[in-house]
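Structure assessment
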Amino acid sequence: MGAPANEPTGAAVLKISPSSAMNPTSPPPAMRRSARRLWLWGLLATPLLLLLLVGAGVASFFHLGSDARALRNELIKSSGVEWRQQIALNGNWLALGAIRAGLSFVNLDPGARAAIQSVRSAGVGVYQLASGAPLPHRGAMFVTADSAMTARGWERVVGVLDGEDLVAIYVPEKNISVHHLNVACWCLTERNWSSFQFKAIRNRSSNTRSLKLTCTRPDSGSLSGSPPIAMSNDIPLHRRQTH
Amino acid sequence: MKTIIRYPLAIAVLAAGVGFNVLAGPPPSEVDFGKFTPPDDGGQFVEIQINSNLLSLAAQVVEKQQPDAARLLRSVQLVHVNVVGLTDENRAEMTKRVQRIRHDLDAQGWDHNVAVQDKDGQDVGVYTKTRGGEALAGLAVTVIDPKGQVVLINIVGDIRPEQVAVLGEKLNIELLKDVGAALKEAASKDTTSSEATPQK
């Protein structure tokens, strides 16, 4: 029995079946169909989920944070008069990140740019007294705001009542750090009140070390009108004479 | 056996320490001015309360550029300022209240450093509390301006009256700057008059 003429003598011969190498065992047709269906559902669900996420993000932009909501509810209740909401905006890190990215192409004052870069979340609510409603009891509103904020772990650092203007600034009782600053403020002027809350981080890249919180009378026309109070990092508290 | 005794003993000492700390309450140089209710008739009302958390935050921020200011901010544990505008309704009550605060400060062993009463009726009192003879533990300032307002200031920490203006500048509290400048002026007048007075 000799070896075939075309095979080298003494060499190992590996015989591979051509059918097993080229055509792996294929799954049954039912499994293939369910996998395809899963892919189809996935493809359909992804844009829907993205749409839902975007919708939730946009909705949250008009939904105040829990502290601001609690303050608003208590103030409205204690004032005993009707208020009309003018603005309620809540910028989270995503929205502010988009704003920061957009503003990076705009020529801005370095101070303003530093402030925008420092802020990680911000909420603002503006309310106006309904026409014909009497002026609310400011002292009572002040006391109510204090108790609402204290119950939520905030403490008032500044409270100013001067004529028709009222300003109160709160910081958290605990966990205050130069790297994570959390400030809440509400101002009441003649027939309007506004609440602000922001979280900021210290911006190391900027030369400016200040973060100013400014409240203005709505009738002053511009932000640089007559700020009764400013708060900054290097100069935490400042009361300017307005009269 | 020793371990069995040592651990409960350590826990008891720790618990006692925590207990005493809780019982210790506010520092002795913290003055309780009482609660002021903001007036509703447009009268002035200012309340500023900066505790050690915020002061240390401010110190951290200025540390590199202004180490002296940071040291000053760290030496203070509390800055409390109250300004209440005087009206016909609250004048008598507020004046009585400030007199009571001054009486309490005297009774609690505070040193009455400055007492000024000018012909316009403005009445200023500056009190300090020392700790261990040398260092200051606190400062209290009471001002009654019958035409305008009552001002109450309490600073807890090792701060001299001459440093109040610097603290006011660093915290940017106009009122502290003004009071500090007045205190500095009073101190310099005091020094000049004592230098001018011949030694007997």
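See the structure above.
In this report, the structure presented in the accompanying data block is examined. (Residues numbered from 1 in each chain as written. Chains lettered and ligands numbered in written order. Predicted model: local features only at pLDDT ≥ 70, side-chain atom pairs only at ≥ 80, totals over all residues. Heavy atoms only, no water.)

**A short note on the overall build of chain B**
What counts is decided by this rule: Helix and strand assignments come from DSSP, with helices taken as H or I runs of at least 4 residues and strands as E runs of at least 2, each series counted from the N terminus. The buried label applies to any residue whose accessible area, calculated with a 1.4 Å probe on protein chains only, is under 20% of its type's maximum; exposed applies above 50%, and partly exposed to all values in between. Here a residue-residue contact requires only that any non-hydrogen atoms of the pair lie within 4.5 Å.
Looking only at helices and strands, one finds 6 helices and 6 strands in chain B. Reading the helices (α) and strands (β) of chain B from amino to carboxyl end gives α-β-α-α-β-α-β-β-β-β-α-α. Taking all 200 residues of chain B together, the buried fraction comes to 40%. For chain B, restricting intrachain contacts to residue pairs at least 6 apart in sequence, the fraction spanning at least 24 positions comes to 55%.

**Some words on the overall build of chain A**
Counting its secondary structure elements, chain A contains 6 helices and 8 strands. Shown N-terminal to C-terminal, the secondary structure of chain A runs as helices and strands in the order α-α-α-β-α-α-β-α-β-β-β-β-β-β. For chain A, buried positions account for 35% of its 243 residues. For chain A, contacts bridging at least 24 residues in sequence account for 59% of all contacts bridging at least 6.

**Here we look at a nonpolar patch on the surface**
The condition that has to hold: Like charges are joined within 9 Å and nonpolar side chains (Val, Leu, Ile, Met, Phe, Trp, Tyr) within 5 Å, but only among residues with over 30% relative accessible area and no salt bridge; these make up the patches. Residue exposure ignores everything except the shown protein chains as possible cover, and the areas themselves are Shrake-Rupley values with a 1.4 Å probe. The term salt bridge refers to a side-chain nitrogen of Lys or Arg lying within 4 Å of a carboxyl oxygen of Asp or Glu.
A surface patch of nonpolar side chains, amounting to about 300 Å² of accessible area, comprises Val54, Val58 and Phe62 of chain A. Here Phe62 of chain A shows up in the loop between helix H2 (29–61) and helix H3 (66–79).

**As for the sheet that holds strand E5 (residues 135–144) of chain B**
Spelled out, the test is: Strand pairing is defined by DSSP finding a minimum of two bridges between the two strands. A fitted line through C-alpha atoms represents every axis, and for helices the fit uses only the stretch in contact; the resulting angles, taken between N-to-C directions, go from 0 to 180 degrees.
Pairing is antiparallel in the open sheet, where 12 strands are placed in the order E1(A)-E2(A)-E6(A)-E5(A)-E4(A)-E3(A)-E1(B)-E2(B)-E6(B)-E5(B)-E4(B)-E3(B). Edge positions in the sheet fall to strand E1 (83–91) of chain A together with strand E3 (111–117) of chain B, since each of these pairs with one other strand and no more. In this sheet, adjacent strand axes meet at a mean angle of 10° when their direction is disregarded. As judged from the 8 bridges shared by E1 of chain A and strand E2 (residues 119–129) of chain A, these two strands associate in the antiparallel manner. The partner of Leu89 of chain A across the bridge, within E2 of chain A, is Val124 of chain A. Seen against the sheet, H3 of chain A touches E1, E2, strand E3 (154–162), strand E5 (181–189) and strand E6 (192–200) of chain A and runs at an angle of roughly 160° to E6 of chain A. In this fold helix H4 (residues 91–107) of chain B packs onto strand E2 (76–85), E3, strand E4 (123–131), E5 and strand E6 (149–157) of chain B, with an angle of close to 155° to the strand it touches most, E5 of chain B.

**Examining the pattern of salt bridges**
All told, the structure shown has 11 salt bridges over all chains when counted by the stated rule. With its nearest N and O atoms 3.9 Å apart, the salt bridge here joins Glu82 of chain A to Arg84 of chain A. By relative accessible area, Arg84 of chain A is classed as partly exposed at 43%. Here the salt bridges do not stand alone but share partners, grouping Asp146 and Arg156 of chain A together with Glu47 of chain B into one network.

**Regarding the packing of helix H3 (residues 67–74) of chain B against helix H5 (residues 164–171) of chain B**
Residues and elements named next belong to chain B. Rule in force here: Put simply, angles under 35 degrees are roughly parallel, angles over 145 are roughly antiparallel, angles from 65 to 115 are roughly perpendicular, and the rest are oblique. Gly falls in the polar group here, along with every residue not listed as nonpolar (Ala, Val, Leu, Ile, Met, Phe, Trp, Tyr, Cys, Pro) or charged (Asp, Glu, Lys, Arg).
In contact at an axis separation of 10 Å, H3 and H5 are set at 105° when each is read in the N-to-C sense. Classified by the angle their axes make, H3 and H5 are roughly perpendicular. Here Ala69, Leu72 and Leu73 of H3 come into contact with H5, specifically with Val166, Leu167, Lys170 and Leu171. Residues that form the contact of H3 with H5 fall into these classes: 6 nonpolar, no polar and 1 charged.

**Description of the pairing of E2 of chain A**
Sheet topology places E2 of chain A next to E6 of chain A; 9 bridges connect them, and they run antiparallel. If you follow Gln128 of chain A over to E6 of chain A, its bridge partner there is Asn192 of chain A.

**So, the nonpolar core**
As a rule of thumb, soluble globular proteins bury nonpolar side chains together. To keep things clear, this is the line we draw: We define a nonpolar core as any set of buried Ala, Val, Leu, Ile, Met, Phe, Trp, Tyr and Cys residues linked to one another through side-chain atoms lying within 4.5 Å.
Grouped together as the largest cluster of nonpolar side chains are 50 residues, with contacts concentrated most on Val79, Ile155, Leu167 and Leu176 of chain B. The biggest single contributor to this core is helix H2 (residues 52–62) of chain B, with 7 residues. Setting aside residues no more than four positions away along its own chain, Leu167 of chain B makes contact with Leu72, Leu73, Val76, Val79, Ile155, Ile159, Asn172 and Leu176 of chain B. Among the nonpolar cores identified, the runner-up in size contains 40 residues, and Trp154 of chain A together with Val98, Ile101 and Trp110 of chain B belong to it.

**Considering the packing of aromatic side chains**
Put simply, the test is: Two rings from Phe, Tyr or Trp (for Trp, the six-membered ring) form a pair when their centres sit within 6.5 Å of each other. Planes less than 30 degrees apart are called stacked, planes more than 60 degrees apart edge-to-face, and all others tilted. Charge-over-ring contacts are defined here by two conditions on Lys NZ or Arg CZ: a distance within 6 Å of the ring centre and an angle within 35 degrees of the ring normal.
Enumeration over the complete set of coordinates arrives at 4 aromatic pairs over all chains. Seen in terms of ring centroids, Trp83 of chain A and Trp193 of chain A are 6.2 Å apart; in terms of plane orientation they differ by 80°. Their pairing is edge-to-face. Of this pair, Trp83 of chain A sits in strand E1 while Trp193 of chain A sits in strand E6; the two residues are 110 residues apart in sequence, bridging distant segments of the chain. A residue is classified by how much of its surface remains accessible, and Trp83 of chain A, at 10% relative accessible area, is buried. For Trp193 of chain A, a relative accessible area of 0% gives the class buried. Relative to Trp193 of chain A, the ring of Trp186 of chain A has its centre 6.2 Å away and its plane inclined at 80°; by these criteria the two rings are edge-to-face. We note that Trp186 of chain A, like Trp193 of chain A, is buried. Here the aromatic cluster, defined as three or more aromatic residues joined through ring pairs, consists of Trp83, Tyr127, Trp186 and Trp193 of chain A. The ring centre of Phe36 of chain B lies 3.9 Å from the NZ or CZ of Arg97 of chain B, which sits over that ring.

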